[in-house]
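Residue strings, one per chain:
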Amino acid sequence: QVQTVESGGGLVQAGGSLRLSCAAPGRTFSCYALGWFRQAPGKEREFVPGIRWSGSYTVYTGSAKGRFTISRDNAKITVYLQMNSLKPEDTAVYYCAAKVGGALATEVSQYDYWGQGTQVTVSS
């Protein structure tokens, strides 16, 4: 079983940046697809960007395009989410999820393993 661990959340002013990290201590992400999701209070969990561990194929949703960048470090077995030009509406708990197999997906139900999440708060 892969347990992901997120870090890097915090409080930032609107227009600022944060970089989130996702790791799987003691495990490798080979043969997985990784996705970042977020959930704001009272809202459903939504897909943000995703990346395949093999190759460089990525997928972004509308809210992330142009502001967020997902990347990975093979040596550190870590996936990153660089978030720039943050807005108050980006405030949410951000989760890293792992999906068995290489195909990316955008639905919560398609991911197999989740972390505890990291809080991102953007003040206006």
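Cut-offs applied
- Residues numbered from 1 in each chain as written.
- Predicted model: local features only at pLDDT ≥ 70, side-chain atom pairs only at ≥ 80, totals over all residues.
- Heavy atoms only, no water.
- Helix = DSSP H or I, 4+ residues; strand = E, 2+ residues; numbered from the N terminus.
- Rg over C-alpha atoms; globule rule 2.2 N^0.38 Å.
- Buried < 20%, exposed > 50% of the residue type's maximum accessible area, 1.4 Å probe, protein only.
- Contact = heavy atoms within 4.5 Å.
- Lys, Arg positive; Asp, Glu negative; His and termini not counted.
- Charge placed at Lys NZ, Arg CZ, Asp CG, Glu CD.
- Disulfide = S-S within 2.5 Å.

Visitor: What exactly am I supposed to notice about the overall build of the protein chain here?
Guide: Regarding its fold elements, the protein chain presents zero helices and 11 strands. Listed N to C, the secondary structure of the protein chain is β-β-β-β-β-β-β-β-β-β-β in terms of helices and strands. Relative to the 2.2 N^0.38 estimate, which gives 14 Å for 124 residues, the radius of gyration of the protein chain is 13 Å and therefore close to what a compact globule would have. Each of the three principal axes of the protein chain carries a C-alpha extent, and together these read 40 × 30 × 25 Å. Burial analysis of the protein chain (124 residues in total) assigns 41% to the buried set. Of all intrachain contacts in the protein chain linking residues separated by at least 6 positions in sequence, the fraction that spans at least 24 positions is 58%. The average position of the 12 basic charges and that of the 8 acidic charges among the side chains of the protein chain differ by 6 Å.

Visitor: Could you clarify how one ought to interpret the state of the cysteines in this entry?
Guide: As used here, a disulfide is simply a covalent bond connecting the sulfur atoms of two cysteines. Taken as a whole, this structure holds one disulfide when the rule is applied. Here Cys-22 is linked by a disulfide to Cys-96, with a sulfur-sulfur distance of 1.9 Å. On the sign convention where negative is left-handed, the bridge of Cys-22 and Cys-96, at about -70° about the S-S bond, is left-handed. Of this pair, Cys-22 sits in strand E3 (residues 18-23) while Cys-96 sits in strand E9 (residues 92-100), placing them 74 residues apart in sequence. Among the residues examined, Cys-22 registers a relative accessible area of 0% and is labelled buried. Take Cys-96: its relative accessible area is 1%, and that puts it in the buried class.

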